[in-house]
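Residue-level structure breakdown
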Amino acid sequence: MAEVSEPPYARIVADIRRRIRDGELAPGDRIPSTRQLSKDWGVALATATKALTALRMEGLVETRPRAATLVAGHPAPARPKRRTPLPGDQELTQEGIIRAAIEIADAEGLSALSMRGVAARLGVAAMSPYRYVGSKDELVLLMADAAYGELTYPAPGPEGWRARLELGARTLWQLNRKHPWLAHIGPLNRPLMLPNLMVHGEWMLSTLDRHGLDPVTMFDLHVLLYSYIQGLAVNLEREAQAEAATGLTEDEWMERQAASMRAITESGRYPVFTRVVTGFADGYDLNLDALFEFGLRPLLDGFAGIVEGRKESAKA
């Protein structure tokens, strides 16, 4: 009798089970994401999701809010080590407060940030940070300014307006990637007057300068590019919030929408949508980094007609 081959998802389960048993993956270690498993094993996202579901049902892994899928049995997160503050909290500085606040927002989201939480993280009295920062709102602005100051630009930088705008856009995207809460600080029509954010604005505007553009057009292009980055970046934190609220990863959530999706595609009311989504060879993987790069090119193609067109007109 021919041997029945093991299904792909079962092979993934067996491999991760072995790695946990042999100690390669310890309690609390991160399990590869569905995307990574799909890539490593050459399987569909649905197959990778099925493997993680099977491991979860065996009790070998668990999904933790804002921490993806981890090996089960890990201890509770360690409490921040409390320092013994000097008299008058002399060890406390505004820079240290900002750094602690950024660590909290990066790990838990901006909604988890509080002055009391920052004080607890630093091991000082609850009211001590107020001697250096007047309020939470002021702290958030200081955090944003510090975050935007983590990356700057080379001198003289690349040649050509397009290469310079690409560098500026990717730099801002990288900062939003590192600090997903940044895109939620303020609406577009209430710009933040932060010195380090102005460094990025100056780079963009100086790139557009000397191309025959009037001030309004030049600033419109700058705002459009910034809003493109911010518009995608807001989804970084929203996904983390959704995962924390539901306990489901993006792929797990999509799997639960299968019945609703089937009802829509079988209704006959949305023929183009149905044709598109049923035409994916291996599902649709919404990767924000790839989408950012994909959208940047046509956006700058549109800019070219304005920037280079005005420059040619100025020469005529």
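Our structure is the block above this text.
All values reported here derive from a predicted model rather than from experimental measurement.

Along the chain, Arg164 falls in helix H7 (residues 161–178). No salt bridge is formed by the buried Arg164; its nearest oppositely charged neighbour, Glu159, is found at 7.7 Å. Apart from residues lying up to four places away in sequence, Arg164 is in contact with Pro156, Gly157, Pro158, Trp203, Ser206 and Thr207.

Here Arg262 is to be found in helix H11 (residues 258–265). Along the sequence, Arg262 and Thr274 sit 12 residues apart, while their C-alpha atoms lie 9.4 Å from each other.

Here the focus is the packing of helix H4 (residues 94–108) against helix H6 (residues 136–148). Taken N-terminus to C-terminus, the directions of H4 and H6 make an angle of 85 degrees; their axes are 9 Å apart at the nearest point. In terms of orientation, H4 lies roughly perpendicular with respect to H6. Contact residues: Gln94, Ile97, Ile98, Ala101, Ile102 and Ala105 in H4; Leu139, Leu142, Met143 and Ala146 in H6. Tallied by class, the residues present in the contact of H4 with H6 amount to nine nonpolar, one polar and no charged.

Moving on to the nonpolar core. Residues Leu113, Val118, Leu139, Met143 and Trp181 are the most contacted members of the largest nonpolar core, which totals 56 residues. The element that contributes the greatest number of residues to this core is helix H9 (residues 215–246), accounting for nine residues. Once residues within four sequence positions are removed from consideration, Trp181 is found in contact with Ile102, Ala105, Asp106, Leu110, Met143, Ala144, Ala147 and Glu237. Counting 15 residues, the second largest nonpolar core, distinct from the first, contains Ile20, Ile31, Val43 and Val71.

Let us now look at a nonpolar patch on the surface. Taken together, the side chains of Trp253, Met254, Met261, Ile264, Tyr270 and Phe273 define a hydrophobic patch exposed on the protein surface, amounting to about 540 Å² of accessible area. Elements with a minimum of two residues in the nonpolar patch: helix H10 (250–256) and H11.

Tallied over the full model, the rule gives three aromatic pairs. Summarising the aromatic geometry, the rings of Tyr153 and Trp203 are spaced 4.4 Å apart at their centres and angled 10 degrees between planes, so their arrangement reads as stacked. Here the residue Tyr153 occupies a position in the loop between H6 and H7, and Trp203 occupies one in helix H8 (residues 195–208), the gap between them amounting to 50 residues. For the pair shown, Tyr153 and Trp203 are each scored as buried. Summarising the aromatic geometry, the rings of Trp173 and Phe292 are spaced 4.8 Å apart at their centres and angled 5 degrees between planes, so their arrangement reads as stacked. Highlighted residues: Trp173 in helix H7 and Phe292 in helix H13 (residues 288–315), separated in sequence by 119 residues. An aromatic cluster is present here, built from Trp173, Tyr228 and Phe292 joined pairwise through their rings. Over the ring of Trp203 we find Arg164; its NZ or CZ atom is 3.8 Å from the centre of that ring.

Moving on: the pattern of salt bridges. Under the defined criterion, the tally for this structure stands at 16 salt bridges. Residues Glu24 and Arg19 are paired through a salt bridge, measuring 3.8 Å at the closest nitrogen-oxygen approach. For Arg19, a relative accessible area of 23% puts it in the partly exposed group. By sharing partners, the salt bridges in this structure join Asp15, Arg18, Arg19, Arg21, Asp22 and Glu24 into a single network.

As for its placement among the helices and strands, Thr207 is situated in helix H8. By relative accessible area, Thr207 is classed as buried at 4%. Apart from residues lying up to four places away in sequence, Thr207 is in contact with Trp161, Arg164 and Leu165.

In this structure, Pro156 follows Ala155 across a cis peptide bond, with omega equal to 5 degrees. Following the sequence through the fold, Pro156 ends up in the loop between H6 and H7. One non-glycine residue, Arg210, lies in positive phi territory at about 65 degrees. Residue Arg210 is classed as exposed on the basis of its relative accessible area, which comes to 69%.

Rules behind the numbers
Residues numbered from 1 in each chain as written. Predicted model: local features only at pLDDT ≥ 70, side-chain atom pairs only at ≥ 80, totals over all residues. Heavy atoms only, no water. Helix = DSSP H or I, 4+ residues; strand = E, 2+ residues; numbered from the N terminus. Buried < 20%, exposed > 50% of the residue type's maximum accessible area, 1.4 Å probe, protein only. Lys, Arg positive; Asp, Glu negative; His and termini not counted. Salt bridge = Lys/Arg side-chain N within 4 Å of Asp/Glu carboxyl O. Contact = heavy atoms within 4.5 Å. Axes fitted to C-alpha atoms, helices over the stretch in contact; angles between N-to-C directions. Parallel < 35°, antiparallel > 145°, perpendicular 65-115°, else oblique. Nonpolar A, V, L, I, M, F, W, Y, C, P; charged D, E, K, R; others polar. Core = buried A, V, L, I, M, F, W, Y, C linked by side-chain atoms within 4.5 Å. Patch = residues over 30% accessible without salt bridge, like charges linked within 9 Å, V, L, I, M, F, W, Y side chains within 5 Å. Areas by Shrake-Rupley, 256 points an atom, 1.4 Å probe, with all protein chains shown as cover. Phe/Tyr/Trp six-rings, centres within 6.5 Å; stacked < 30°, edge-to-face > 60°. Lys NZ or Arg CZ within 6 Å of the ring centre and 35° of its normal.

In short, the description is geometric, and any link to function would need to be established separately.
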